[in-house]
Amino acid sequence: MILDHLGIAVQDLEKALAFFRDMLGLHVEATEEVGSQRVRATFLPAGDPKLELLEATAPESAIAKFVERRGPGLHHVAFRVPDIHQALATLRARGVRLIDETPRPGAEGALVAFVHPSASHGVLVELKQPADRVPRFRTPARHTLGDLELVTLSDGFFALDGGAMFGVVPRPLWETRLPPDDRNRIPLGMRPLLVRGDQNVIIDAGCGDKMDAKSAAIYGLERAYHLDHSLAEAGLTAEDIDVVVASHLHFDHVGGFTATAADGRLVPRFPKARYIAHRQEWEDATHPHERNRASYLQENFVPLMEAGVLTLVDDGAEVAPGIRYRRSGGHTMHHQVVTIASGGRTAVFVADMFPTSAHLPAPWVMGYDLYPMDTLAFKRAFTREAIDGEYLIFFEHDPSLAAGVIREKDGKAYVDRVL
Ligand SMILES: [Zn+2]
Ligand SMILES: [Zn+2]
C-alpha cells in the first residue's frame, strides 16, 4: 500500500486555499465536484502524496457532518491499492469492519472504499484504486488467415520496470506510450496465440498459476481472468490442444506449460499435447547463469521432458503444418519468432523481439536482452520485410493492442491495428 493522500475537511475551500496555496506555496490541481459524496475536492501535490481539501456541497454530506461535529481538520488517510476488490476481500477475511462493502466512484475516475474508523484506531482509512491509464485487451479475438483461424488469448497481465522494458530509451520518450504506475512498472499482457487448422496449436502459454505470492506482488500479477477462461471463451479446454510451442523458455511465456497436480507433482498442463522447444534454448535454460537464472524456472519445462512429451527442434523447423520457427536471437541467443503462413499470407508471433507495439523503433530494445545488438539487427531487417510482405504481427506483451500490420508513412514505420 502506498500513501496516496491526506483528506482535510474544510469549511470554506477558498479560505483554506489562502493558507495551503498562498502561504505554504503548494501547487493546486483542478477542483472537482464529486456528486456521489456531495463534496468539492481540490488536490495539492506534496511530493508523491497529496493533500485533498474537501468542502461539503450539501448539508447531508459526510464532510458537513464531520465539520459540524468536530470542526474542520484532518478527515482521512488514503492508501492506493492496485486492486480494490482484492484489498476489500482481504480485509473482510481478516475481520476488519468496513464502511463500504463494495467500491464506489471517487474523484479522478478512481474507485474508493472506506474502512470503519472503529477498526483503524479512530483514523478514517480510504482505499483507492486509481483509474486505469492503459486500456487492457483481454477477450479472445479472431482473425482468418487462409485456411487457419488465429485466436489471440489472454493469461492475464503483469508489470515490469518501465526502464528495463525500454533499455537505453529515456523515460520522457516512452512514458506517454505506456504510462508507468507508482512503482515505475508498466502493464504488460500475456497473450498466447491459438492457431486452429487440422490441429489446435498454441504458441506460448503465459506465466500460469505456480508463482508464489511474493513474486506475484513484485510482478503485479493480475490473473483473475486467465488462460482457462480465455480458452473457454474460444470454445476449448486445455484437453483440446494438440501442439504447444515455446518462443523461448522464460517464465512469462512457458509458466503455463506445467501445472501442479492434486498430489503435488508437476505435470503437463495440456494433457494430450506434444510440446516443442528449441534445442539450444533448452540447453541454455537448463544451464542458467546469474544473469538469466531468475527467468529460467526449471519447474516450467523439466517436467515436460520427464513426461516424455517435449520435442527439441532446430532453427527453421516446421512445428505444425504452416507454422515455423525462425531464429531471431537477441533477447536470448536462440529466441524464436514463429511464422504462420496460409493462403499466401503471413502472420508472425514476434514474442520478446517486439514485446509491445511501442517497441517498433529498432533501437527501442529491452534492457533484459542478452544480445541487444543482435536484437537491433533483427528488428531493422525484419521491419523492412514485414512492411513489404504486409505481415500480420502479434504483440504478445502489448496490454492494449493484440495484432497489427506494420506500415510506413513519410519514411516512418507505425503499427496499423487489426486486433
Ligand atoms: Zn523473455
Ligand atoms: Zn516476455
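Just so it is clear, the structure is predicted and the values come from calculations on it, not from any experiment.

**Notes on the overall build of the protein**
- A count of helices and strands for the protein gives 11 helices and 26 strands.
- With respect to the principal axes defined by its C-alpha atoms, the protein has extents near 75 × 60 × 40 Å.
- Taken over 419 residues, the protein has a buried fraction of 40%.
- Long-range contacts, defined as pairs at least 24 residues apart, comprise 64% of the intrachain contacts of the protein with a sequence gap of at least 6.

**A few points about the environment of Arg 324**
- In this fold, Arg 324 is placed in strand β21 (residues 323–327).
- Sequence separation between Arg 324 and Ala 285 is 39 residues, and the spatial gap between their C-alpha atoms is 21 Å.
- Contact partners of Arg 324, with chain neighbours within four places excluded, come to Gly 316, Ala 317, Glu 318, Val 319 and Thr 339.

**With respect to the pairing of strand β9 (residues 141–145)**
- With 5 bridges connecting them, β9 and strand β10 (residues 148–152) associate as antiparallel partners. Opposite His 143, over in β10, you have Leu 150 as the bridge partner.
- The hairpin turn running from β9 into β10, its antiparallel successor, is 2 residues long, and Gly 146 in that turn takes a positive phi close to 60°.

**Here we look at the sheet that holds strand β19 (residues 310–313)**
- The 7 strands lie next to each other as β9-β10-β13-β14-β15-β18-β19, forming an open sheet whose pairing is mixed. Looking at the sheet topology across the chains shown, the edges are occupied by β9 and β19. Across the sheet, the mean angle from the axis of one strand to that of its neighbour is 25°, orientation sign disregarded.
- In the packing of helix α9 (residues 279–286) onto the sheet, contacts are made with β18 (274–278) and β19, and the angle to β18 comes to roughly 80°.

**Considering the domain arrangement of the protein**
- Domain assignment breaks the protein into domain 1 (2–129) and domain 2 (141–417).
- Spacing between the C-alpha centres of domain 1 and domain 2 amounts to 41 Å.

**Here's the deal with the sheet that holds strand β1 (residues 2–10)**
- Reading across the sheet, the 8 strands line up as β2-β3-β4-β1-β5-β8-β7-β6 and stay open at both edges, with mixed pairing between neighbours. Since the sheet does not close on itself, it has two edges, and those belong to β2 (31–34) and β6 (104–105), each with one partner.
- Sheet topology places β1 next to strand β4 (residues 50–56); 6 bridges connect them, and they run parallel. Directly across from His 5, in β4, lies its bridge partner Lys 50.

**Re the nonpolar core**
- The biggest cluster of nonpolar side chains holds 79 residues, and the ones touching the most others in it are Val 244, Val 245, Phe 349, Val 350, Ile 393 and Phe 394.
- Ranked by the residues each element gives to this core, the list is headed by strand β11 (residues 157–161), at 4 residues.
- Counting 11 residues, the second largest nonpolar core, distinct from the first, contains Val 10, Ala 16, Leu 53 and Ile 63.

**Digging into unusual backbone geometry**
- With a phi close to 55°, His 121 is a non-glycine residue in the positive phi region.
- With respect to the helices and strands, His 121 occurs in the loop between β7 (111–115) and β8 (124–129).
- What makes His 121 exposed here is the crowd of 7 C-beta atoms within 10 Å.
- Even without being a glycine, Asn 184 presents a positive backbone phi close to 65°.

**Comments concerning the pairing of β21**
- The pairing of strand β20 (residues 318–320) with β21 spans 2 bridges and is classified as antiparallel. Bridge assignment links Glu 318 to a residue of β21, and that residue is Arg 324.
- Count of turn residues in the β20/β21 antiparallel hairpin: 2 residues, of which Gly 322 carries a positive phi of about 80°.
- Sheet topology places β21 next to strand β22 (residues 336–342); 5 bridges connect them, and they run antiparallel. Paired with Ile 323 across the two strands is Ile 340, which belongs to β22.

**Looking at α9**
- Among the residues of α9, those classed as buried are Glu 281, Trp 282 and Ala 285. Across the axial projection of α9, the buried residues extend over an arc of 100°, all falling on one side.
- Next to the buried residues of α9 lie β18 and β19.

**What about the environment of Arg 384?**
- Looking at the secondary structure, you find Arg 384 in helix α11 (residues 372–389).
- What makes Arg 384 partly exposed here is the crowd of 13 C-beta atoms within 10 Å.
- Separated by 24 residues in sequence, Arg 384 and Glu 408 have C-alpha atoms that sit 9.4 Å apart.

How each quantity is defined
Numbers given for residues are sequential positions, taken from 1 along each chain in its written order. Here every chain gets a letter starting at A, and every ligand a number starting at 1, in the order they are written. Confidence filtering applies because this is a predicted model: local features only for residues at pLDDT of at least 70, side-chain atom pairs given and counted only at 80 or more, and all residues used for totals across whole chains, interfaces and linings. Helical segments are the DSSP runs of H or I of at least four residues, strand segments are the runs of E of at least two, and each set is numbered from the N terminus. Three exposure classes are used, all based on how many other C-beta atoms lie within 10 Å of a residue's own C-beta (placed from the backbone): buried at 20 or more, exposed at 12 or fewer, and partly exposed between those limits. Any residue pair is listed as a contact if its two C-beta atoms, each placed from the backbone, are within 7 Å. The pairing criterion is simple: DSSP has to find at least two bridges between the two strands. Only the stretch in contact is used when fitting a helix axis, every axis being a line fitted to C-alpha atoms; angles between N-to-C directions are given from 0 to 180 degrees. Source of the domain bounds: an automatic or database domain assignment. For our purposes the nonpolar core covers buried Ala, Val, Leu, Ile, Met, Phe, Trp, Tyr and Cys residues that link as a set through C-beta atoms within 7 Å. The arc refers to the directions leading from the helix axis to the C-beta atoms.

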